[in-house]
Amino acid sequence: MSSSDIFIGETIGTAVLVLLGGGVCAAVTLKRSKAHNAGWLAITFGWGFAVLTGAYIASGVSGAHLNPAVTIGLAIQGGTAWSDVPLYLVSELFGAMIGAVLVWAVYYGQFHAHLTDPEIVKDQPAEEGMVDQSAAPKAGPVLGIFTTGPEIRNGVQNVLTEIIATFVLVLAILTQGLNDEGNGLGALGALITALVVVGIGLSLGGPTGYAINPVRDLGPRIVHALLPLPNKGGSDWGYAWVPVVGPLIGGALAAGLYNLAFA
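Residues numbered from 1 in each chain as written. Predicted model: local features only at pLDDT ≥ 70, side-chain atom pairs only at ≥ 80, totals over all residues. Heavy atoms only, no water.

Student: Even after reading the chapter, I still don't get the overall build of the chain, so can you show me in this structure?
Tutor: A tally of helices and strands in the chain yields 11 helices and zero strands. For the chain, the sequential pattern of α-helices and β-strands runs α-α-α-α-α-α-α-α-α-α-α. Burial status across the chain gives 48% buried among its 263 residues. As displayed, the chain has an accessible area near 11,900 Å², and 65% of this comes from carbon and sulfur atoms. (Helix = DSSP H or I, 4+ residues; strand = E, 2+ residues; numbered from the N terminus. Buried < 20%, exposed > 50% of the residue type's maximum accessible area, 1.4 Å probe, protein only. Areas by Shrake-Rupley, 256 points an atom, 1.4 Å probe, with all protein chains shown as cover.)

Dropping the structure here:
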């Protein structure tokens, strides 16, 4: 596939992934949303459908990696040329940022109502510049729409959770090619991957919110930091390394096991 195929497919596919995934988080979080307080099941299934839609859109164009952990895993496994990896990563990050901006646009009124509600922002500093960066990190009232975060902040446990969860995801993707023809499962593979993501969310998502995708967290975190949202609080950059490093390690380990056990 050409460089333009990779850029177009990964940008659009990842944008749709983050638009629908971030959209369900916004729907559940924001007070003036019809889905307010719909709960964890809505989020896990929403993200699963987001993966299904993004992958289905991009699969025929770029292969629908939509995730640097998948790209690295496929490069180690041998299914993706290392020379294409930088373009995949840049396209995925760009698409994730576009998707996050679109979530803000769709829920613009709800963001404003939520962030100017005295009950929501009563503990937030009056101005972003007043945030004490030396204090214990406190997630802003809408940060969870854009990023993941731990229920218990422990760097070792948090990164290990992301490694294990991403390991499951990438190994499930790589082993889809183990059929009689050895050519993957086509459109059915997108559905299986989406169901794996739902399963990971239900089973392994509780500790950290299961990023399992570096750009799904990093791109929207950058957008959260840049958007003119009143009373939004900080973007918790001290945690930002966990949902980047953990999934990359998990994807690499999954590919290593695949090469040892299945190749």
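Student: Please clarify how the side chain of Thr208 should be interpreted in this entry.
Tutor: Turning to its location among the elements, Thr208 is positioned in the loop between helix 9 (187-204) and helix 10 (214-226). Looking at Thr208, its side chain comes within polar contact range of the main-chain nitrogen of Tyr210, at 3.4 Å. Those residues within four positions of Thr208 in sequence are excluded, and the remaining contacts are Thr148, Gly149, Pro150, Asn158, Thr161, Glu162 and Tyr239. (Polar contact = N/O pair within 3.5 Å; in protein donor to acceptor, adjacent residues only side chain to side chain. Contact = heavy atoms within 4.5 Å.)

Student: Is there a simple way to think about helix 3 (residues 68-77) in this case?
Tutor: An α-helix turns once per 3.6 residues; consequently, residues spaced three or four apart project the same way. Burial analysis of helix 3 places eight of its 10 residues in the buried class, which makes it a mostly covered element. Of all the residues in helix 3, the buried ones are Pro68, Ala69, Val70, Thr71, Ile72, Gly73, Leu74 and Ala75. Its side-chain oxygen at 2.8 Å from the backbone nitrogen of Ala69, Asn67 defines the N-terminal cap of helix 3. Of the residues trailing helix 3, Gly78 is marked for its positive phi of about 105 degrees.

Student: I would appreciate a short explanation of the packing of aromatic side chains in the present structure.
Tutor: What describes a pair of aromatic rings is the distance from one ring centre to the other and the angle between the planes of the rings. Here the structure, examined in full by the defined rule, presents six aromatic pairs. Between Phe7 and Phe94, the aromatic rings sit 6.1 Å apart at their centres with planes inclined by 15 degrees, giving stacked as the arrangement. Residue Phe7 is located in helix 1 (residues 3-29), and its partner Phe94 is located in helix 4 (residues 85-106); the two are separated by 87 residues in the primary sequence. The partly exposed category is assigned to Phe7, whose relative accessible area is 34%. (Phe/Tyr/Trp six-rings, centres within 6.5 Å; stacked < 30°, edge-to-face > 60°.)

Student: Any chance you could explain the nonpolar core here in plain terms?
Tutor: Buried together is how nonpolar side chains tend to be arranged in soluble globular proteins. Judged by nonpolar contacts, the single largest core of 20 residues is most densely connected at Trp47, Ile200 and Ile212. If you list the elements that add at least two residues to this core, you get helix 1, helix 2 (40-62), helix 8 (155-174) and helix 9. Among the elements that make up this core, the one with the highest residue count is helix 2 (six residues). Residues within four places of Trp47 in sequence aside, it is in contact with Leu17, Val18, Gly21, Gly22, Val24, Cys25, Val197, Tyr210 and Arg216. Membership of the second largest hydrophobic core comes to 18 residues, among which are Trp104, Val142, Ile145 and Val223. (Core = buried A, V, L, I, M, F, W, Y, C linked by side-chain atoms within 4.5 Å.)

Student: Even after reading the chapter, I still don't get the packing of helix 1 against helix 4, so can you show me in this structure?
Tutor: The geometry of a pair of packed helices is captured by two quantities: the angle between their axes and the separation between those axes. Closest axis-to-axis distance for the helix 1/helix 4 pair is 6 Å, and the angle between their directions is 35 degrees. Two packed elements cross with a definite hand, and for helix 1 against helix 4 that hand is right-handed. Its residues placed into classes, the contact of helix 1 with helix 4 shows 15 nonpolar, eight polar and two charged. (Axes fitted to C-alpha atoms, helices over the stretch in contact; angles between N-to-C directions. Left-handed = near helix turned anticlockwise from the far one by under 90°. Nonpolar A, V, L, I, M, F, W, Y, C, P; charged D, E, K, R; others polar.)

Student: What should I look at first to understand helix 5 (residues 108-115) in this one?
Tutor: Within the sequence span of helix 5, burial applies to Phe111, His114 and Leu115. Mapping the buried residues of helix 5 onto a view down its axis gives an arc of 85 degrees, with all of them on the same face. Buried-residue contacts for helix 5 involve helix 1, helix 4, helix 6 (118-121) and helix 7 (143-146). (Arc of directions from axis to C-beta.)

Student: Any chance you could explain the packing of helix 10 against helix 11 (residues 242-261) here in plain terms?
Tutor: The geometry of helix 10 relative to helix 11 is characterised by a closest axis approach of 8 Å and an angle of 160 degrees between their N-to-C directions. Our classification of the angle between helix 10 and helix 11 gives roughly antiparallel. The crossing of helix 10 and helix 11 is left-handed. Listed contacts from helix 11 to Pro214, Asp217, Leu218 and Arg221 of helix 10 are Pro243, Val244, Pro247 and Leu248. A per-class count over the contact of helix 10 with helix 11 returns six nonpolar, no polar and two charged. (Parallel < 35°, antiparallel > 145°, perpendicular 65-115°, else oblique.)

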